[in-house]
Amino acid sequence: MAPVPPGIRFLASFNREQWYRAFTFVLTFLLYTSFHLSRKPISIVKSELHKNCTQSKELATVSSKSSQEHVLHVGEDCSWKPFDKENYKQLLGAMDLSFLFVYAVGMYLSGIIGERLPIRLFLTMGMLTSGLFTCLFGLGYVFNIHSLSFYIFVQIANGLVQTTGWPSVVTCIGNWFGKGRRGLIMGLWNSHTSVGNILGSLIAGYYVSWNWGLSFIVPGIIIAVMGIICFLFLIEHPNDLKNAGTQNGAINSHKLHKSWTGINGHKELYLQYKQGAKSQSSDTELLLGQEREVCVPVQQVVVVKSEAEPSAISFRGALCIPGVVEFSFCLLFAKLLSLTQKKRGDLSTLFDVGGIVGGILAGVVSDKLGKRATTCAVMLLLAAPTLYGFSMISQFGQGPTIAMLLVCGGLVNGPYALITTAVSADLGTHKSLKGNARALSTVTAIIDGTGSVGAAIGPLLAGLLSAQSWDQVFYMLMAADFLALLLLLRLVLKELRSNKSRPGAAVELKEH
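Read on for an overview of the structure. Not measured: the values here are computed from a predicted model.

Together, F23, L121, M125, L128, I228, F231, L232 and F233 give the surface a local cluster of nonpolar side chains, amounting to about 740 Å² of exposed area. Elements with a minimum of two residues in the nonpolar patch: helix 7 (119–142) and helix 12 (214–233). Among the elements that line the nonpolar patch, the one with the most residues is helix 12, at four residues. Within the element layout of this structure, F233 appears in helix 12. The exposure class of F233 is partly exposed, given its relative accessible area of 44%.

So, about the environment of K46. By the element assignment, K46 lies in helix 3 (residues 41–49). For K46, a relative accessible area of 19% puts it in the buried group. Along the backbone, K46 and S79 are 33 residues apart, and their C-alpha atoms lie at a distance of 10.0 Å. What K46 contacts, discounting residues up to four positions off in sequence, is L92 and D96.

So, about the pattern of salt bridges. A side chain of one charge can pair with a side chain of the opposite charge if their charged atoms are brought near each other. For the coordinates displayed, the defined rule picks out seven salt bridges. R372 is the salt-bridge partner of D367, the closest N and O atoms lying 3.0 Å from each other. Neither residue differs from the other here; D367 and R372 are each classed as buried. Here the salt bridges do not stand alone but share partners, grouping R182, D367, R372 and D426 into one network.

What follows deals with the nonpolar core. Among the nonpolar cores identified, the biggest contains 76 residues, and L123, M127, W166, F327, L427, L477 and L488 are the most heavily contacted of them. Take this core: its biggest share by element is 12 residues, from helix 19 (residues 398–428). For L488, the residues in contact, after removing those within four places along its chain, are F327, C330, A373, C376, A377 and L380. Listed in part, the 18 residues of the second largest apolar core include L91, F137, Y151 and F216.

On to the packing of helix 9 (residues 165–176) against helix 20 (residues 440–466), then. Running from amino to carboxyl end, helix 9 crosses helix 20 at an angle of 130 degrees, the nearest separation of the two axes being 9 Å. By the angle between their axes, helix 9 is oblique relative to helix 20. The chirality of how helix 9 crosses helix 20 is right-handed. Residues W166, P167, V170, T171, G174 and N175 of helix 9 touch helix 20, and the partners they reach there are L440, S441, T444, A445 and D448. Looking at side-chain class alone, the contact of helix 9 with helix 20 contains five nonpolar, five polar and one charged residues.

Calculation rules
- Residues numbered from 1 in each chain as written.
- Predicted model: local features only at pLDDT ≥ 70, side-chain atom pairs only at ≥ 80, totals over all residues.
- Heavy atoms only, no water.
- Patch = residues over 30% accessible without salt bridge, like charges linked within 9 Å, V, L, I, M, F, W, Y side chains within 5 Å.
- Areas by Shrake-Rupley, 256 points an atom, 1.4 Å probe, with all protein chains shown as cover.
- Salt bridge = Lys/Arg side-chain N within 4 Å of Asp/Glu carboxyl O.
- Helix = DSSP H or I, 4+ residues; strand = E, 2+ residues; numbered from the N terminus.
- Buried < 20%, exposed > 50% of the residue type's maximum accessible area, 1.4 Å probe, protein only.
- Contact = heavy atoms within 4.5 Å.
- Core = buried A, V, L, I, M, F, W, Y, C linked by side-chain atoms within 4.5 Å.
- Axes fitted to C-alpha atoms, helices over the stretch in contact; angles between N-to-C directions.
- Parallel < 35°, antiparallel > 145°, perpendicular 65-115°, else oblique.
- Left-handed = near helix turned anticlockwise from the far one by under 90°.
- Nonpolar A, V, L, I, M, F, W, Y, C, P; charged D, E, K, R; others polar.

Shown next, in the form of structure tokens:
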């Protein structure tokens, strides 16, 4: 007999639950990648909505002189109405702000609603409607729509339904993975943000020059298809598998046949032992015989739950969990820092790549030390001089700029990634909840919703300050970094005083 290949032996070494855990990791990774993939086109298409009209006019003049047959129609080809006016920056900014502010407010609502609905259905509806509104924006090109109110309405609606994603996937991944290596696992998992941004840029960039409508329609179709996959395959909690196995076992069982009869006002369950049943041993067959059916009465058993199902936590109750307020406002300034940096230039992809490494590194270190707040604080402390160095070294060419941008991405996105994933999961299963697992979605929504306020304010402040000089923008970023660090000070001191060194000591939690 031929030996079993080593690859098959490796695959066979994992049990059923480990395979489902890996499947959930990959599925939720792809689901939220599609969310970020569908958000990215607007930043790519802006350059097409308002082109460099001065350059277009020069090309029109040259082409009209060289050939009378090929005349460039500047009025039609320069920009897309209503973004062809001098106030185009304000109009494009209004679209961004409408999405970000609705996203921030809607996140609080989604966390509360998601805690009370099945995650799979809630996430599926959010992805399908998000796909619809993303495609609707692209259809503005197909049907030649030039109404600003149309595009702002689509952005508002899309921002609202996009809030269904983050609380749902974090709750799901938190249900499947315990606290032992949560930082590392979620650091790897959180790279979906950068992967989605990169893929979204590539897809939108491929279509933008000749049909910017497809830059939205294709990502919209992708997230809608992923929503269908979510409905078909997402498993919210490991206990769901056990329940499904129990139900299937009861349905497929052909060994026991139940019949209910009323005798003297009482109902009794009869187990009918039929001829040929595999469960019967030879001794049983001798005792019961083979030619007739014997019914053995069994008294009805009533199962009473010892405790009621835990109710979903209230918004106020979630705010009272130690650490939620501090980490929420810390994330506000961390997101302000991150999103403002991403708006600068065409090198934002490098910032995302650095963010992947930074998120994984933050998770590994926080798992090893058991100090989430301290890990975030150290990275934020190093980020301030790095930001200043980036503003100085960018004058020395592209090579040093790329290297410094990767470092900045790691140090800025590291705390951002850690707070939105591992810290949110830790706080959502805090010991003060007494084992109530129905708080994870609300806590995640509060933290990310507060952070999203920073994501909305950051680019707005950067736009106002950049009119004076980019040095003012870097001073603003360093101030945000300092405030984020200051908000973690109490938690850092508490961690440093603690003698506990196990993973998760920074934020006490209970496994669920």
